[in-house]
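So the chains spell out like this:
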Amino acid sequence: MIAHPLKCKLPKTQTTGARAFPEIELVIVEIVTADGLVGWGECLGRTGSVAYAAIVEKLLAPLLIGRDSADIAALHGEMRRVLSGRSGGMLLEAIAGVDIALWDIAGKRMGVPVHRLLGGLSRPRVAAYASSINWTDDAGAAEETRAALALGFRTIKVKIGKPVARAKARIAQLAALVGDKAQLFVDANWAYTPEEAAEIAQCLHDNGYAWFEEPIVPEDIDGYRRLRALGICPLAAGESDFTVWQARELIAERLVDLIQPDVARSGGITETRRIAELAFAHHVGYAPHVGWSGAICVAASLHLASAMPAFRIFECMVFDNPLRDEITTAPVGDRRSLVDGTLEVPQGPGLGVEVDRKALAKFRAS
């Protein structure tokens, strides 16, 4: 098992209400079986990718060497038992990369795409939204919104932050710009207190926005209960959850309308599938989080979107990202491939993508 820590400078800094991201990091996991099959996975590691790679190679790899790659659930459980406390953090993100690679191998061994292995609906295309309009000046936000409309997106996510007055002005500005050409929603990246979030929710309702993503810190379940009780605006969250147990309260109490686990954080395909299936049982929608991830995360997320019955809409990033655009020999989930508001799901065996080893070397983090 090899972990490839990667790092690149983004062509354009991405800005949320929390911080700016001029560069990103992640880890690509490569597993080679005794009979020569190669599986690829990805860990969400926005910073410190070399540390994530060490977890994969020094902590997790020894547990898997000599084991049957088809025993995905058993291996997932053994990797989780490395923890002595509550599941989360870098270890779960590292496990995610290993788990995705095992699913890739399983699909290749059987000659079918991962979405078929998941026993799901095997949608050939999935509805997608444009992500994201940066928390930038008014002119920049307007330019990015027009570009998303020009690509054919019918749903667009807008980043907002503090101060509240500026966020409310941005909400009104883009609602007026878009009109009836697309549906808008916002992502606050935990920017607000519950009281501030309630004020923003009313503004979103007044301007016809579809939902409000991560209004408050993910640990504040009582805050989500308070916002839900107001009934002002649909809520979305879940990208910060590592396990189905962490997502359980949001789903079981229906505190959100959409749950948004990230497959490269939430334990890989194995655990993310559990979250999506729990959402289906409670009539909560599933909308995969992708964010500033690479091509392997995008591919795995597309397979889950294809298979899960609770799926609603897919996050398609609309900025250039070398770790997404150059890591595979052919693009996956690319904004320029949008057709009638939908993206194609890979149909080849496993994840259905081929990694470019030259790109791995080009972006390797030291």
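This one's a predicted model, so the numbers in the text were calculated from it and none came from an experiment.

**Brief notes about the overall build of the protein chain**
Then comes step 1: Across its full length, the protein chain holds 13 helices and 12 strands.
Then comes step 2: Taken over the C-alpha trace, the protein chain has a radius of gyration of 20 Å; the compact-globule value for 366 residues is 21 Å, and the two agree within 12%.
Then comes step 3: Relative to its full complement of 366 residues, the protein chain shows a buried share of 59%.
Then comes step 4: Partitioning the contacts of the protein chain with sequence separation of at least 6, the portion at a separation of at least 24 is 74%.
Then comes step 5: Counting 40 positive and 44 negative side-chain charges, the protein chain places the centres of these two groups 1 Å from one another.

**Things to note about unusual backbone geometry**
Then comes step 1: A cis amide bond, omega -5 degrees, links S131 with the succeeding residue S132.
Then comes step 2: Looking at where S132 falls in the secondary structure, it is placed in strand β4 (residues 125–133).
Then comes step 3: The omega torsion of the bond from K162 to P163 falls at 5 degrees, within 30 degrees of zero and hence cis.
Then comes step 4: Examined against the element boundaries, P163 turns out to sit in the loop between β5 (155–159) and α6 (164–178).
Then comes step 5: One non-glycine residue, S122, lies in positive phi territory at about 50 degrees.

**A look at the layout of surface pockets**
Then comes step 1: Of the volumes computed, that of the largest pocket is approximately 800 Å³.
Then comes step 2: In terms of lining, the largest pocket is formed by 37 residues, of which the most central are W190, E214, E239, S240 and R265.
Then comes step 3: Among the elements that make up the lining of the largest pocket, the one with the highest residue count is helix α9 (residues 244–252) (4 residues).
Then comes step 4: When grouped by side-chain class, the residues that make up the lining of the largest pocket number 11 nonpolar, 10 polar and 16 charged.
Then comes step 5: Approximately 320 Å³ is the volume found for the second largest pocket.
Then comes step 6: Lining of the second largest pocket is provided by 17 residues; of these, K12, E144, A147, V318 and F319 occupy positions nearest its centre.
Then comes step 7: At the level of secondary structure, the elements contributing two or more residues to the lining of the second largest pocket comprise β1 (2–15), β4 and α5 (138–150).
Then comes step 8: Per-element tally for the lining of the second largest pocket: the top contributor is α5, with 5 residues.
Then comes step 9: Class assignment of the residues belonging to the lining of the second largest pocket gives a composition of 5 nonpolar, 8 polar and 4 charged.

**So, the pairing of strand β6 (residues 183–187)**
Then comes step 1: The buried fraction of β6 amounts to 4 of the 5 residues, a majority that puts the element mostly inside the structure.
Then comes step 2: The pairing of β5 with β6 spans 5 bridges and is parallel. In the strand pairing of β6, V158 is matched with V186.
Then comes step 3: Note on the crossover from β5 through α6 to β6: the handedness is right-handed.
Then comes step 4: For the crossover from β6 across helix α7 (residues 194–206) to strand β7 (residues 212–213), the handedness is right-handed.

**Regarding α7**
Then comes step 1: A rise of 1.5 Å per residue sets the reference length of α7, with its 13 residues, at 18 Å; its end C-alpha atoms lie 18 Å apart and thus fit the reference within 8%.
Then comes step 2: Those residues of α7 lying buried are P194, A197, A198, I200, A201, C203 and L204.
Then comes step 3: In this fold, the buried residues of α7 make contact with α6, β6, β7 and α8 (221–230).
Then comes step 4: G208 sits one or two positions beyond α7 and adopts a positive phi of about 75 degrees.

**Section: the packing of aromatic side chains**
Then comes step 1: All chains considered together, the criterion is met by 5 aromatic pairs.
Then comes step 2: Measuring from centroid to centroid gives 4.3 Å for F21 and W292, while their planes differ by 35 degrees, and the two rings are tilted. With a gap of 271 residues between them, F21 in strand β2 (residues 20–32) and W292 in the loop between β10 (285–286) and α11 (295–307) connect regions that are remote in the sequence.
Then comes step 3: A residue is classified by how much of its surface remains accessible, and W292, at 8% relative accessible area, is buried.
Then comes step 4: Following the ring pairs from residue to residue traces out a cluster consisting of Y129, F185 and W211.
Then comes step 5: Above the ring of W135, the side-chain terminus of R166 is found at 3.9 Å from the ring centroid.
Then comes step 6: Here the guanidinium or amino end of R324 rests over the ring plane of F319, the centre of that ring lying 5.6 Å away.

**Considering the nonpolar core**
Then comes step 1: Counting residues in each nonpolar core, the largest one holds 120 residues, and the members touching the most others are I160, Y192, F212 and F314.
Then comes step 2: Setting aside residues up to four positions removed in sequence, F314 forms contacts with V126, A127, A128, Y129, P288, V290, V298, S301, L302, A305 and L343.
Then comes step 3: By size, the runner-up hydrophobic cluster in this structure holds 7 residues, among which are Y129, F185, A236 and L258.

About the cut-offs
For every chain, the first residue of the written sequence is number 1, and numbering continues from 1 along that sequence. The model is predicted, so local features are restricted to residues of pLDDT at least 70 and side-chain atom pairs to those at 80 or more, both for listing and for counting; the totals for chains, interfaces and linings are taken over all residues. With hydrogens and water excluded, all non-hydrogen atoms of the structure serve as input to the side-chain values. Strands here mean DSSP runs of E at least two residues long; helices mean DSSP runs of H or I at least four residues long; both are numbered from the N terminus. Each radius of gyration is computed over the set of C-alpha atoms, and the globule rule expresses the reference value as 2.2 Å times the number of residues to the power 0.38. Type-normalised accessible area, obtained with a 1.4 Å probe on protein chains alone, sets the label of each residue: buried when under 20%, exposed when over 50%, and partly exposed for intermediate values. Contacts between residues were defined by any pair of non-hydrogen atoms, one from each residue, lying within 4.5 Å. The charge count includes Lys and Arg as positive and Asp and Glu as negative, but it does not include His or the ends of the chains. Throughout, a charge is located at the NZ atom of Lys, the CZ atom of Arg, the CG atom of Asp or the CD atom of Glu. Whether a set of points on the 1 Å grid over the protein atoms alone is a cavity depends on a 1.4 Å probe fitting there but being unable to get out, while an open set qualifies as a pocket with protein on both sides within 12 Å along at least five of seven lines; lining residues are those with an atom within 4 Å of a point. Grid points are joined across faces, edges and corners, and a volume is the space filled by probe spheres set on the points. Each residue is assigned to one class: nonpolar for Ala, Val, Leu, Ile, Met, Phe, Trp, Tyr, Cys and Pro, charged for Asp, Glu, Lys and Arg, and polar for all the others, Gly among them. For two strands to be treated as a pair, DSSP must find at least two bridges joining them. A crossover counts as right-handed when, viewed with the strands pointing away from the observer, the path leading from the first strand over the helix to the second turns clockwise. By definition here, a helix of n residues has an expected span of 1.5 Å times n minus one. Pairing of aromatic rings covers Phe, Tyr and Trp, the last through its six-membered ring, and needs centres within 6.5 Å; plane angles under 30 degrees mean stacked, over 60 mean edge-to-face, and all others mean tilted. The criterion for a charge sitting over a ring is simple: Lys NZ or Arg CZ within 6 Å of the ring centre, and within 35 degrees of the ring normal. Take the buried Ala, Val, Leu, Ile, Met, Phe, Trp, Tyr and Cys residues and link them wherever side-chain atoms come within 4.5 Å; each set so joined is a nonpolar core.

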